[in-house]
Amino acid sequence: MAADDLSTIISPALFKNHSAIMLIIDPESGDIVQANDAAALFYGFNVSELEKKSIQQINIFTNEQVAQERAAARTEGRNYFVFKHRLASGDMRTVSVYSTPFNVNGKTQLLSVIHDISSQRSLEKELWRYQENLEELIRIQIGEIEKKQSDQLLLAIISIALLCVLLLILSVLATRLRRAKRAAQQDSSKLQAIFDSIDDLLIFAEPNQRISAANKKAQQILTAKMPLFGRFMYEFEVSQTLSSDAINEHEYKGAEGNFWGEYTCTKVVDNDARHLGSIHFIHDISERIATRRQQRLASTVFATTNEGVFVSNGKNEIIMVNRAFINITGYSQDDALGKTPSLLNSGRHNSEFFKAMYLQLNTQGQWEGEIWNRRKDGCIYPCWLSIAVVFDDTKNIEMFVAILNDISLRKENEQEMWLQTNLDTLTGLPNRQHFYNKVDQQMLHAQAEQKRLAICFIDLDRFKSVNDTLGHATGDLLLLEASKRIKACMSSGNLVARLGGDEFSLLLTNINTVNQIEHIALKVLNALNSPFVIAEHEVFVSGSMGITLYPDDGLERKILIRNADSAMYKAKEKGRNCFEFFTPGMHEQAQARSQLEGALHKALSNNEFTIHYQPIISIDGERLGCEALLRWYNPELGHVSPADFIPICEELGLIVPIGAWVLREACQQASNWCCKLDGNFFITVNFSSVQFVRQNVSELVKECLAETGLAAECLSLEITETVLADSSDTTLKQLQAIRAQGVGLAIDDFGTGYSSLSYLKRFPLTKLKIDREFIKELPDNTEDCALVSAIISMANNLKLKVIAEGVETQEQEDFLRNLNCDYIQGFLYSKGLPNDEFELFLEANSSHIKI
Ligand SMILES: Nc1nc2c(ncn2[C@@H]2O[C@H](COP(=O)(O)O[C@H]3[C@@H](O)[C@H](n4cnc5c(=O)[nH]c(N)nc54)O[C@@H]3COP(=O)(O)O)[C@@H](O)[C@H]2O)c(=O)[nH]1
């Protein structure tokens, strides 16, 4: 390493005045940069002359000789060189030169210290010459001595010498052989090292393809730990397409599975052109082949996938689109290339949307989401877009790869599914599930906003009758119309749902005052109370509404729903067509109803029913009959009025078995009494419209008459107008079949339902019962008087017998007698009586009766 500058080696003064010959030489040019006084003295030039010369002008060695000397010094481990320098006088001097490098302004220079070793060399030569002479002299003397030795000894010596020479030659030969062998081994190792450093498979195979040499890579790849030598090249070929002299791509069997190689084969021949074998060179291209396959696969996928793919460059200009992209967007390749993806912009998303998208692409390298795009034809469609950013080595965006899926169909299906799950198919209103979800959602909102909600349950009054009598199709139309009316009463933000059957519910939000709720409730009830014209029928229904408030009445949806239900039942109890706000007591009532329902299910099998018989007496007192009235006594509930439990039996369908039981029992009793009164007796049995819809009443009647032996003429069925309102042929046929048996048909509660005079003509009726509502205020209420009078006169015209029920006073009886009413039924004579009591009544009154 060079010293920093000359002064670190020697001071300028010391250099100048030192007795040693010193030169500073530029090693690149050989120029003598500086010489000291001792140098000037030695070379015979003054200092300035010396400093204009180059060392080559002084050193008489040629460049080759200088190089040889440098090499000799290196080999001998010398730190000096021996050169021959020419002096100004022309004399030659053998010098030893010690050179030390140092830096001047970053440039290396040499400080050379020169010793004149000419005299030392000549002395050495002299000494050598003397030595040689001495040795020669000794050799001559020895030769003379030897000459004097005997011939035998000479011969022996010669023999031994010859032997030694021979041994020497042999040993030299052996040494040379060893060296040659070692050299050969070294050469072989070097060659092997070179071969092994090659990262491809290099195999030498004999003409018969037998492998005789291979590099490390070939060994590793082809057989791993097993020896490769002795195996044949063809053992590793997968196909027989190996070409002997062309670069080709082939598949090979490797130790760890097949691999692909680029194959080259070179024939090796000797000087006589004899084929010695071949060098097989295999470059592993498995990765290239895999990449190529992947690229092929990717381009096939790109071309054939159903997902639209487009690629844009760093400037976001589209540079590639696939077929699916063209199909989805309607833009051809020419339309799209060079444009930015804003070509697809639908205008549905604001700039914030795209800002967020590109921010995520820049920071996270990918974005995906739902987006609305516009096709070339202008149509807007939803897609699922996935964009991936490809960054270059300097982390700049090189391209965007976007995959576009048209999800219109999926959306439609989702929408369809959503509709099916959340909307009522008949009315299109939100269904129960959707309503519950909305309640949950609005409760959270109301809680956060400190607002009040109202949940209103609406049950259509008498809907069941309409459904049972006019049929389900009409019932459906009624529900549809009712839903429209309710909806029309709602302001935005409020929700109407159909919970099922004839139950609707309202979710009123942003409620500030109870008045607001009452206003809406009245509006809805009024809308429902107006007549409906459904399939040419004028139908009258109304609504009963239960209202509960959040958070006042409960904090949980389940509780609020239960409250609204209880309040709705209360409204029903209060006479329908009204609304009720929930009160805590209602819950107990709802529980009571549930208890009632449970008990009703077991009442028949528990023999809890009995029948009371209420006398019906002809106005002239000559004929006697009775109405069978069902009574229920439950050990826990006590006596329950039929007005309470019959509607529930109808709702639950229990009226069918219970009604059949009543008919059988009544016929049985009436059969006895008929016998006693010699056939001059009749009994009326109530039948609900539900019974006509759910069973064949005519058949039931036939069976009961047959079983009990009651004459058909002694039996009348009391049916309500709802039975007649059923326009279906089945009911009519049943009624005709009943009449055909000789059984009478009385229309009950006339004037309260869908009173239509056409019923009276159309159906084979025999009696008409005026409802006690019209009798109650006789004879004071002139309107009722006129009505009852008209009903009796009309019935007379139609040849129908008239029974006035609910007659409690003599005045009422007198009024009815004057109108020629046929029969009287009411507390004036008797309430409904148990079996034995009715028999007593019969006994007491039969003497008045004409037999
Ligand atoms: N489908 C069936 N319905 C039945 C059956 N048994 C009874 N019912 C119906 O239940 C309703 C209530 O009946 P009930 O409480 O028995 O009342 C009846 C009479 O007690 C009552 N009535 C009779 N006279 C008077 C009276 O002077 N004043 C007065 N306040 N009430 C009186 O009227 C009821 C009979 O009415 P109706 O049937 O319309 O003739 C009732 O609708 C029954 O029909 C059954 O087995 N099946």
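Note that the coordinates shown come from a computational prediction; the quantities given were computed from them, not determined experimentally.

Student: Before we go on, may I ask you to explain the sheet that holds strand β10 (residues 275-284) in this structure?
Tutor: Think of a sheet as strands paired side by side through backbone hydrogen bonds, with each pair either parallel or antiparallel. Taken in spatial order, the five strands line up as β7-β6-β10-β9-β8 in an open sheet, and their pairing is antiparallel. Across the chains shown, the open sheet's two edge strands, defined by having one partner strand only, are β7 (211-214) and β8 (248-254). Averaged over neighbouring strand pairs, the angle between their axes works out to 35° when direction is ignored. Where strand β6 (residues 201-205) and β10 come together, five bridges link them in antiparallel fashion. Residue pairing in the sheet places Phe204 in a bridge with Ile279 of β10. Each of β8, β9 (257-269) and β10 touches helix α8 (residues 286-304); the most contacted strand, β9, lies at about 130° to it.

Student: Whenever I open this one, a nonpolar patch on the surface confuses me. Can you help?
Tutor: A contiguous nonpolar surface patch, about 660 Å² in accessible area, is contributed by Leu163, Val165, Leu166, Leu167, Ile169, Leu170 and Leu173. You can see Leu170 is positioned in helix α6 (residues 151-197).

Student: Help me out: how do you make sense of unusual backbone geometry in this one?
Tutor: Keep in mind that most residues, glycine aside, have a negative phi and that most peptide bonds are trans. A cis amide bond links Tyr550 to the next residue, Pro551, at an omega of 5°. With respect to the helices, strands and loops of the structure, Pro551 is situated in the loop between β21 (542-550) and α17 (557-573). Despite not being glycine, Asn316 shows a phi value in the positive range, around 65°. Relative to the helices and strands, Asn316 is located in the loop between β11 (308-313) and β12 (318-321). The class of Asn316 is buried, set by a relative accessible area of 14%.

Student: I'm lost on a negative patch on the surface in this one. Help?
Tutor: Where like charges cluster on the molecular surface, the negative patch consists of Glu777, Asp780, Glu811 and Asp814. For Glu777, the location among the structural elements is in the loop between α26 (772-775) and α27 (782-797). Relative accessible area serves as the criterion here: at 40%, Glu777 is assigned to the partly exposed category.

Student: Got a minute to help me understand the site of the ligand in this structure?
Tutor: Around the ligand sit 22 residues in total, of which Glu627, Arg631, Arg772, Glu805 and Glu808 are the nearest. Within the contact set of the ligand, a nitrogen atom lies 2.9 Å away from a side-chain nitrogen or oxygen of Gln614. At 2.8 Å, a side-chain N or O of Arg631 approaches an oxygen atom of the ligand. Out of a free accessible area of 810 Å², the ligand has 84% covered by protein chains. At four residues, strand β24 (residues 624-634) tops the list of elements feeding residues into the shell around the ligand. The class makeup of the residues in the shell around the ligand is eight nonpolar, five polar and nine charged.

Student: Teacher, can you tell me more about the packing of aromatic side chains here?
Tutor: Each pair of aromatic rings is reported with the distance of its centres and the angle of its planes. The tally for this structure, following the rule as stated, stands at 23 aromatic pairs. Ring centres of Trp632 and Phe645 lie 5.4 Å apart, and the angle between their planes is 75°; this geometry places the pair in the edge-to-face category. Linking Trp632 in strand β24 with Phe645 in helix α19 (residues 642-652), this pair joins segments that are 13 residues apart in sequence. Accessibility classification places Trp632 together with Phe645 in one group, the buried group. One aromatic cluster is present, built from ring pairs that chain together Tyr613, Trp673, Phe681, Phe838 and Phe841. Geometry around Phe45 places Lys53 over its ring, the cationic atom sitting 4.5 Å from the centre. Directly above the ring of Tyr80 sits Arg78, whose terminal nitrogen or CZ lies 5.2 Å from the centroid.

Student: Looking at this structure, I do not really get the state of the cysteines. What am I missing?
Tutor: As used in these notes, a disulfide is a covalent bond between sulfur atoms, one from each of two cysteines. A full pass over the atoms with the stated rule returns zero disulfides. Summary of cysteine pairing: Cys667 is not part of a disulfide, and the nearest cysteine sulfur, belonging to Cys704, is at 5.2 Å.

Student: Explain the sheet that holds strand β13 (residues 366-374) to me, please; I cannot follow it from the model alone.
Tutor: The strand order β12-β11-β15-β14-β13 describes an open sheet built from five strands, whose pairing is antiparallel. Strands at the two margins of the open sheet, each flanked by one partner only, are β12 and β13. For this sheet the average axis-to-axis angle between neighbouring strands, irrespective of direction, equals 25°. Judged from the nine bridges that link them, strand β14 (residues 380-391) and strand β15 (residues 397-406) form a sheet pairing that is antiparallel. In the sheet register, Ile387 faces β15, and the bridge partner there is Ala402. Sitting on the sheet, helix α11 (residues 351-364) is in contact with β13, β14 and β15, with an inclination near 150° to β13.

Student: Hey, could you run me through the nonpolar core in this one?
Tutor: In a soluble, globular protein the nonpolar side chains are often hidden away together inside. Counting residues in hydrophobic clusters, the biggest one holds 119 residues, and the most contacted among them are Leu506, Leu715 and Leu816. Of all the elements, helix α20 (residues 655-676) adds the most residues to this core, at 11 residues. Two domains each put at least three residues into this core: domain 4 (427-582) and domain 5 (604-846). Ignoring any residue separated from it by four or fewer positions in sequence, one finds Leu506 in contact with Phe435, Ala454, Ile455, Cys456, Ile458, Ile486, Met490, Leu495, Val496, Ile520, Val524 and Met545.

Student: Could you clarify how one ought to interpret the pairing of β8 in this entry?
Tutor: Note on strand geometry: in a regular strand, side chains alternate between the two faces of the sheet. Pairing geometry for β8 and β9, over seven bridges, is antiparallel. Within β9, the position partnered with Asn248 by the bridge is Tyr263. In textbook terms, the turn of a hairpin is the stretch between consecutive antiparallel strands, and for β8 and β9 this stretch comprises two residues.

Student: I'm lost on the layout of surface pockets in this one. Help?
Tutor: One simple way to see leftover space: roll a probe sized like a water molecule over the atoms. Of the voids in this model, the second largest pocket is the one considered here, and its volume is about 400 Å³. Along its surface, the second largest pocket is lined by 20 residues, and Ile25, Ile55, Val66, Arg70 and Phe83 are the ones closest to its centre. For the lining of the second largest pocket, the elements supplying multiple residues, two or more each, are α4 (63-76), β3 (81-86), β4 (92-104) and β5 (107-116). Grouping the amino acids of the lining of the second largest pocket by side-chain chemistry returns 10 nonpolar, eight polar and two charged.

Scoring rules and cut-offs
- Residues numbered from 1 in each chain as written.
- Predicted model: local features only at pLDDT ≥ 70, side-chain atom pairs only at ≥ 80, totals over all residues.
- Heavy atoms only, no water.
- Pairing = 2+ DSSP bridges.
- Helix = DSSP H or I, 4+ residues; strand = E, 2+ residues; numbered from the N terminus.
- Axes fitted to C-alpha atoms, helices over the stretch in contact; angles between N-to-C directions.
- Contact = heavy atoms within 4.5 Å.
- Patch = residues over 30% accessible without salt bridge, like charges linked within 9 Å, V, L, I, M, F, W, Y side chains within 5 Å.
- Areas by Shrake-Rupley, 256 points an atom, 1.4 Å probe, with all protein chains shown as cover.
- Salt bridge = Lys/Arg side-chain N within 4 Å of Asp/Glu carboxyl O.
- Buried < 20%, exposed > 50% of the residue type's maximum accessible area, 1.4 Å probe, protein only.
- Lys, Arg positive; Asp, Glu negative; His and termini not counted.
- Charge placed at Lys NZ, Arg CZ, Asp CG, Glu CD.
- Near = heavy atom within 4 Å.
- Polar contact = N/O pair within 3.5 Å; in protein donor to acceptor, adjacent residues only side chain to side chain.
- Nonpolar A, V, L, I, M, F, W, Y, C, P; charged D, E, K, R; others polar.
- Phe/Tyr/Trp six-rings, centres within 6.5 Å; stacked < 30°, edge-to-face > 60°.
- Lys NZ or Arg CZ within 6 Å of the ring centre and 35° of its normal.
- Disulfide = S-S within 2.5 Å.
- Core = buried A, V, L, I, M, F, W, Y, C linked by side-chain atoms within 4.5 Å.
- Domains from an automatic or database assignment.
- 1 Å grid on protein atoms, 1.4 Å probe; cavity = no way out; pocket = protein on both sides within 12 Å on 5 of 7 lines; lining within 4 Å.
- Points joined across faces, edges and corners; volume = space filled by probe spheres on them.

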